[in-house]
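Close look at the chain arrangement
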Amino acid sequence: MMNSEMYVGLDIGTTSIKVIVAEKVKGQMNVLGLGNERSEGVSRGIIVDIDKASESIRRAVNQAEEKAGIQIHDVIVGIPANQLKIEPCSGMVAISDQSREISDEDVKNVTVSAMIKNLPPEREIMDTLADEFIVDGFDGIKDPRGMVGVRLEMKGRIITGPKTIIHNIRKAVQRAGLNPSSIINMPLAQGMTILDDGEQDFGTVLIDLGGGQTTASVVHDHQLKFTTVDSEGGEYITKDISVVLNTSLESAEKVKRDYGYADEIEASESNEFPIEVVGQSQPVRISEKYLAEIIQARVDQIFTRMNKSLSSISALNLPGGIVLTGGVAALPGISELAADRFDTNVRVYIPDQMGLRHPSFSLPLSLVTYRANMSEIQVLVRSSLEGKTVVNNAQSNDDFIGNDYGNDVIDNSSEYIQQDNQPQQPSKPKKSGSKLAKSTKGRLKRFYQDFFE
């Protein structure tokens, strides 16, 4: 991992673990290797058995290492949207010398001041996103470094998540012998990479139809405004087929992939296929239409609940419509069914990289793309969580363990995301033994006393 432009994405899914090794060359992401293993120890997107999950991760990483011809140490890990919470934050610091330029340290100090909030014991701060900086009253500044000022302010968002989910992901990755160099919010990574500039600007709903759960996200003004999670996904469709047709889960999964349609109108009554049925010595022939009816029943339930949640915030009125991705989005007829149920325009996103042309690979590819495209100021703000200065390249992943969340989850009424309205605990910078650090700390302390008391 010595190449500063090389990134490894890790998607810990309910049904499979995916690892992508990619290299950024002249602004383009080139995939060098791929690992794909059956997932164990994961339920509905959450790790429930650390040992089993770590073993699945290790197998997937080994596959990617063999294909890419490298040894993997650092990985960019996706984290699900379950119980995420975002709230606005702001901070202010004084620049000690009016004649000196605003430095990296000043940006870190104002970020730390913005994170001074009480945090419930069951939640953990995962990221801080700077929407703008204000220098001596001049707002709308994206990167204040190099400017001269007396007072530096930052307005942004703090993202928190359940400590248990974050801990289990980190532990499983570390037990697999890897360093979780970045932990990135899945809806944020997908929204900022799958949607084009116009869709992000005018507003679009992104629905990830995963194996264990379904996640809907709303992106507007280039920010993630809303997310909700439904606890059903492709795994439930497979179970329905297994129960109704009295066949094994393996057989049900195979016929779903080979003959399944999400919309029964698209399926044929005359086209039949054999399926192994428990208690029968010979395979039983089933029509595509009958299988489609089973699949559509479950997809309809998911879409109905999503429709209710998205309609409550008028998200379906956004010009961008709906973009579908995730493994279930590969089912023929899914876009037509979604367009009918949501009454809006729908398209399916499929990665265009060779070997990844399936919607199930959109997430791991989004992780590496999002991390590779992060600006230097974004990485610097994130580094304040650990009190370390970081350079925006892949090699710098060794210097921090952070979380990339740009999720503006304003979802106080959703039945799928449990929000916590309590304030958050400050993330303290690490102590420095240098006189400069002590002096800066003293000046900040005096500034807070003089300004706020």
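Residues numbered from 1 in each chain as written. Predicted model: local features only at pLDDT ≥ 70, side-chain atom pairs only at ≥ 80, totals over all residues. Heavy atoms only, no water.

Looking at an unreviewed UniProt entry, the chain carries the name Cell division protein FtsA, with the source organism given as Apilactobacillus nanyangensis. Under the Subcellular location (unreviewed entry) heading, UniProt states for the chain: "Cell membrane". What UniProt states about the chain under its Function (unreviewed entry) heading is, verbatim, "Cell division protein that is involved in the assembly of the Z ring. May serve as a membrane anchor for the Z ring." (UniProt positions renumbered as here; feature names shortened; annotations may be inferred.)

1. Observations regarding the pairing of strand S8 (residues 123-135)
Taken across its 13 residues, S8 has 11 buried, putting it largely inside the fold. In this sheet, strand S10 (residues 151-162) lies alongside S8 in antiparallel orientation, the contact comprising 11 bridges. Note on S10: the bridge partner recorded for Leu 129 is Arg 157. Adjacent in sequence and paired antiparallel, S8 and strand S9 (residues 138-141) are bridged by two residues, among which Asp 136 carries a positive phi angle near 50°. (Buried < 20%, exposed > 50% of the residue type's maximum accessible area, 1.4 Å probe, protein only. Helix = DSSP H or I, 4+ residues; strand = E, 2+ residues; numbered from the N terminus. Pairing = 2+ DSSP bridges.)

2. Re the sheet that holds strand S12 (residues 204-209)
With mixed pairing, five strands are arranged side by side in an open sheet as S14-S13-S12-S17-S18. Looking at which strands have only one partner, the edges of the open sheet turn out to be strand S14 (223-230) and strand S18 (346-348). For this sheet the average axis-to-axis angle between neighbouring strands, irrespective of direction, equals 20°. In terms of strand pairing, strand S17 (residues 322-325) meets S18 through three bridges, oriented parallel. The partner of Ile 322 across the bridge, within S18, is Val 346. (Axes fitted to C-alpha atoms, helices over the stretch in contact; angles between N-to-C directions.)

3. A closer look at the layout of surface pockets
In this model, the largest pocket occupies a volume close to 1200 Å³. Lining the largest pocket we find 49 residues, and of these Thr 15, Ser 16, Gly 210, Gly 211 and Arg 257 sit closest to its centre. Residue composition of the lining of the largest pocket, by class: 17 nonpolar, 22 polar and 10 charged. (1 Å grid on protein atoms, 1.4 Å probe; cavity = no way out; pocket = protein on both sides within 12 Å on 5 of 7 lines; lining within 4 Å. Points joined across faces, edges and corners; volume = space filled by probe spheres on them. Nonpolar A, V, L, I, M, F, W, Y, C, P; charged D, E, K, R; others polar.)

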